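# Inside the fold
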Amino acid sequence: MPRLIKLTGGVAAFADDSFVNVTDEDAIPETGDVILSLTRFQAEGDALLSSNSRKVGVRIESNEEVEALAYDLPRLAVVAVAFPKFRDGRAYTSARLLRERLNYAGEVRAVGDVLQEQAGFMVRCGMDAFEPADGASPEAWTKAASRFRHVYQRAADDRAVAFEERGA
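Here the structure is a predicted model, which means the values were calculated and not measured. (Residues numbered from 1 in each chain as written. Predicted model: local features only at pLDDT ≥ 70, side-chain atom pairs only at ≥ 80, totals over all residues. Heavy atoms only, no water.)

### Topic: the overall build of the chain
Going by this rule: Each helix corresponds to a stretch of at least 4 residues labelled H or I by DSSP, and each strand to a stretch of at least 2 residues labelled E; elements are numbered beginning at the N terminus. Classification of residues uses two cut-offs on accessible area relative to the type maximum, computed with a 1.4 Å probe and protein chains only: under 20% is buried, over 50% is exposed, and between them is partly exposed. When checking whether two residues touch, look at their non-hydrogen atoms; a contact exists if any pair is within 4.5 Å.
When helices and strands are counted, the chain shows five helices and eight strands. Ordered by position from N to C terminus, the α and β elements of the chain give β-β-β-β-α-β-β-α-β-α-β-α-α. Taking all 168 residues of the chain together, 46% fall into the buried category. Sequence separation of at least 24 residues holds for 48% of the intrachain contacts in the chain that already meet a minimum separation of 6.

Dropping the structure here:
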(Lines give C-alpha, C1' and ligand atoms only; values in the text may rest on other atoms or scores of the structure.)
Protein backbone atom coordinates (compact mmCIF):
# COMPACT_ATOMS: atom_id res chain seq x y z
CA MET A 1 0.00 0.00 0.00
CA PRO A 2 1.41 3.42 -0.93
CA ARG A 3 2.30 5.81 1.87
CA LEU A 4 0.16 8.91 1.90
CA ILE A 5 1.72 12.29 2.65
CA LYS A 6 -0.54 15.26 3.40
CA LEU A 7 0.59 18.86 3.40
CA THR A 8 -1.06 21.12 5.98
CA GLY A 9 0.12 24.66 6.66
CA GLY A 10 3.28 24.06 4.65
CA VAL A 11 4.30 21.01 6.69
CA ALA A 12 4.12 17.49 5.26
CA ALA A 13 3.35 14.44 7.40
CA PHE A 14 2.43 10.82 6.88
CA ALA A 15 -1.34 10.32 7.10
CA ASP A 16 -3.66 7.39 7.43
CA ASP A 17 -5.40 6.59 4.18
CA SER A 18 -8.91 5.26 4.69
CA PHE A 19 -9.49 4.94 0.93
CA VAL A 20 -9.22 1.74 -1.10
CA ASN A 21 -8.39 2.09 -4.78
CA VAL A 22 -10.91 -0.04 -6.66
CA THR A 23 -10.04 -1.00 -10.23
CA ASP A 24 -12.71 -1.41 -12.89
CA GLU A 25 -12.43 -5.20 -12.60
CA ASP A 26 -12.65 -5.40 -8.79
CA ALA A 27 -15.85 -5.70 -6.80
CA ILE A 28 -16.62 -2.68 -4.66
CA PRO A 29 -16.16 -3.52 -0.99
CA GLU A 30 -19.30 -3.60 1.14
CA THR A 31 -17.88 -1.01 3.55
CA GLY A 32 -15.12 1.56 3.61
CA ASP A 33 -14.08 4.56 1.59
CA VAL A 34 -13.31 4.00 -2.10
CA ILE A 35 -11.58 5.69 -5.03
CA LEU A 36 -12.96 4.73 -8.44
CA SER A 37 -11.96 5.47 -12.01
CA LEU A 38 -13.94 8.19 -13.75
CA THR A 39 -15.59 5.60 -16.01
CA ARG A 40 -16.72 3.45 -13.12
CA PHE A 41 -17.84 6.47 -11.13
CA GLN A 42 -20.01 7.65 -14.02
CA ALA A 43 -21.64 4.22 -14.13
CA GLU A 44 -21.99 3.50 -10.38
CA GLY A 45 -21.28 6.76 -8.58
CA ASP A 46 -24.82 7.85 -7.79
CA ALA A 47 -25.55 4.63 -5.92
CA LEU A 48 -22.35 4.94 -3.89
CA LEU A 49 -22.89 8.61 -3.12
CA SER A 50 -26.47 8.02 -2.01
CA SER A 51 -25.28 5.80 0.84
CA ASN A 52 -23.96 8.08 3.57
CA SER A 53 -21.88 5.32 5.11
CA ARG A 54 -18.76 5.90 3.02
CA LYS A 55 -16.67 8.56 1.36
CA VAL A 56 -16.15 8.37 -2.38
CA GLY A 57 -13.25 9.57 -4.48
CA VAL A 58 -12.51 9.58 -8.20
CA ARG A 59 -9.25 8.95 -10.03
CA ILE A 60 -8.72 11.19 -13.07
CA GLU A 61 -6.26 9.92 -15.66
CA SER A 62 -4.21 12.43 -17.60
CA ASN A 63 -6.34 12.03 -20.75
CA GLU A 64 -9.65 12.64 -18.91
CA GLU A 65 -11.36 15.98 -18.30
CA VAL A 66 -12.09 17.01 -14.71
CA GLU A 67 -15.06 19.03 -15.91
CA ALA A 68 -16.94 15.72 -16.15
CA LEU A 69 -17.06 15.82 -12.32
CA ALA A 70 -18.37 19.38 -12.00
CA TYR A 71 -21.86 18.37 -10.85
CA ASP A 72 -20.63 15.77 -8.33
CA LEU A 73 -17.62 17.62 -6.85
CA PRO A 74 -19.42 18.85 -3.70
CA ARG A 75 -20.15 15.21 -2.79
CA LEU A 76 -16.63 13.85 -3.46
CA ALA A 77 -14.08 13.55 -0.66
CA VAL A 78 -11.02 13.04 -2.90
CA VAL A 79 -10.04 13.61 -6.49
CA ALA A 80 -6.87 11.68 -7.30
CA VAL A 81 -5.05 13.09 -10.33
CA ALA A 82 -2.79 10.55 -11.99
CA PHE A 83 0.75 11.15 -13.19
CA PRO A 84 1.38 8.24 -15.59
CA LYS A 85 5.03 9.25 -15.97
CA PHE A 86 7.33 12.02 -14.80
CA ARG A 87 7.19 13.93 -18.09
CA ASP A 88 3.37 14.05 -18.31
CA GLY A 89 2.18 17.28 -16.72
CA ARG A 90 -1.52 17.19 -17.58
CA ALA A 91 -2.37 16.38 -13.94
CA TYR A 92 -1.13 19.86 -12.99
CA THR A 93 -3.78 21.35 -15.26
CA SER A 94 -6.44 19.07 -13.79
CA ALA A 95 -5.55 20.19 -10.26
CA ARG A 96 -5.63 23.88 -11.18
CA LEU A 97 -8.98 23.49 -12.90
CA LEU A 98 -10.37 21.73 -9.83
CA ARG A 99 -9.22 24.49 -7.49
CA GLU A 100 -9.58 27.63 -9.57
CA ARG A 101 -12.38 27.06 -12.04
CA LEU A 102 -14.50 24.42 -10.29
CA ASN A 103 -13.79 25.71 -6.73
CA TYR A 104 -13.25 22.22 -5.36
CA ALA A 105 -12.41 22.38 -1.65
CA GLY A 106 -11.81 18.67 -1.00
CA GLU A 107 -8.56 16.75 -1.16
CA VAL A 108 -6.64 16.75 -4.43
CA ARG A 109 -4.25 13.81 -4.34
CA ALA A 110 -1.29 13.20 -6.66
CA VAL A 111 -0.93 9.51 -7.57
CA GLY A 112 1.22 7.54 -9.99
CA ASP A 113 4.78 8.57 -10.86
CA VAL A 114 4.91 11.24 -8.12
CA LEU A 115 8.41 12.42 -7.21
CA GLN A 116 9.54 14.84 -4.53
CA GLU A 117 11.16 17.11 -7.15
CA GLN A 118 7.63 17.96 -8.28
CA ALA A 119 6.34 18.91 -4.80
CA GLY A 120 6.60 22.68 -5.18
CA PHE A 121 4.78 22.69 -8.50
CA MET A 122 2.10 20.29 -7.23
CA VAL A 123 1.39 22.48 -4.20
CA ARG A 124 1.20 25.58 -6.40
CA CYS A 125 -1.43 23.84 -8.53
CA GLY A 126 -3.57 22.95 -5.54
CA MET A 127 -2.58 19.41 -4.62
CA ASP A 128 -2.50 18.73 -0.89
CA ALA A 129 -1.96 14.96 -0.63
CA PHE A 130 0.62 12.77 -2.34
CA GLU A 131 1.44 9.11 -2.87
CA PRO A 132 5.18 9.44 -3.55
CA ALA A 133 6.64 6.85 -5.91
CA ASP A 134 10.19 7.57 -4.77
CA GLY A 135 9.71 6.72 -1.07
CA ALA A 136 10.54 10.28 -0.01
CA SER A 137 9.99 11.26 3.63
CA PRO A 138 7.56 13.97 4.79
CA GLU A 139 10.56 16.11 5.77
CA ALA A 140 11.88 15.92 2.22
CA TRP A 141 8.43 16.87 0.89
CA THR A 142 8.19 19.85 3.25
CA LYS A 143 11.59 21.06 2.05
CA ALA A 144 10.82 20.46 -1.63
CA ALA A 145 7.41 22.17 -1.41
CA SER A 146 8.98 25.37 -0.08
CA ARG A 147 12.24 25.27 -2.02
CA PHE A 148 11.65 28.46 -3.99
CA ARG A 149 11.21 31.66 -2.01
CA HIS A 150 9.81 33.73 -4.87
CA VAL A 151 7.25 32.83 -7.51
CA TYR A 152 6.71 34.65 -10.76
CA GLN A 153 3.13 33.82 -11.68
CA ARG A 154 -0.17 33.40 -9.89
CA ALA A 155 -1.40 29.90 -9.08
CA ALA A 156 -3.92 28.01 -6.96
CA ASP A 157 -1.83 28.47 -3.80
CA ASP A 158 -2.44 32.26 -3.81
CA ARG A 159 1.20 33.11 -3.05
CA ALA A 160 2.18 36.68 -3.78
CA VAL A 161 4.23 36.99 -6.96
CA ALA A 162 7.72 38.51 -6.82
CA PHE A 163 6.81 41.94 -8.19
CA GLU A 164 4.06 42.30 -5.57
CA GLU A 165 6.48 41.37 -2.78
CA ARG A 166 8.96 43.94 -4.07
CA GLY A 167 6.30 46.65 -4.15
CA ALA A 168 5.12 46.00 -0.59
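That covers the picture; the talk isn't over yet.
### So, the sheet that holds strand β1 (residues 4–8)
Here is the rule we go by: The pairing criterion for strands is at least two bridges between them, as found by DSSP. The axes are straight lines fitted to the C-alpha atoms, using for helices just the contacting stretch, and the angles between their N-to-C directions are given from 0 to 180°.
Taken in spatial order, the eight strands line up as β2-β1-β8-β7-β6-β5-β4-β3 in an open sheet, and their pairing is mixed. A strand with exactly one partner marks an edge of an open sheet, and here the two such strands are β2 (11–15) and β3 (19–21). One ladder, built from two bridges, connects strand β7 (residues 107–112) with strand β8 (residues 129–130); its direction is parallel. Considered in β8, the bridge of Arg 109 is made with Ala 129. Helix-sheet contacts for helix α1 (residues 38–50) involve β4 (33–37) and β5 (56–60), and the interaxial angle to β4 is about 145°. Relative to the sheet, helix α2 (residues 90–101) contacts β5, β6 (78–83) and β7, its axis offset from that of β6 by approximately 160°.

### Structural notes on the packing of aromatic side chains
Selection criterion: For this analysis, a ring pair means two rings from Phe, Tyr or Trp (six-membered ring only for Trp) whose centres lie within 6.5 Å, classed as stacked if their planes differ by under 30 degrees, edge-to-face if by over 60, and tilted for the remaining angles. A ring has a charge above it when a Lys NZ or an Arg CZ is no more than 6 Å from the ring centre and no more than 35 degrees off the ring normal.
By the definition in use, this model includes two aromatic pairs. Centre to centre, the rings of Phe 83 and Tyr 92 are 5.1 Å apart; their planes meet at 75°, and the pair counts as edge-to-face. You'll find Phe 83 and Tyr 92 in the same group, each marked buried. Between Phe 130 and Trp 141 the ring centres are 4.6 Å apart and the planes differ by 25°, which places this aromatic pair in the stacked class. Taken as a pair, Phe 130 in strand β8 and Trp 141 in helix α4 (residues 138–145) lie far apart in primary sequence, eleven residues in all. In this pair, the class of Phe 130 matches that of Trp 141, namely buried. The ring of Phe 14 is capped by Arg 3, whose NZ or CZ atom sits 3.7 Å from the centre of that ring.

### Concerning the pairing of β4
Rules: When the strands point away from the viewer, a crossover counts as right-handed if the path from the first strand over the helix to the second runs clockwise.
Of all the five residues making up β4, five are buried; the element is thus mostly covered by neighbouring parts of the structure. Note that β3 and β4 share three bridges and pair parallel. Pairing of Val 20 across the sheet is with Val 34, part of β4. As paired elements, β4 and β5 share four bridges and run parallel to each other. Bridge pairing in β5 links Ile 35 to Gly 57. Once the chain exits β4 it traverses α1 before rejoining the sheet at β5, and the crossover so formed is right-handed.

### Description of the environment of Ala 12
Among the structural elements, Ala 12 can be located in strand β2. Sequence separation of Ala 12 and Ala 129 is 117 residues, and the distance between their C-alpha atoms is 8.8 Å.

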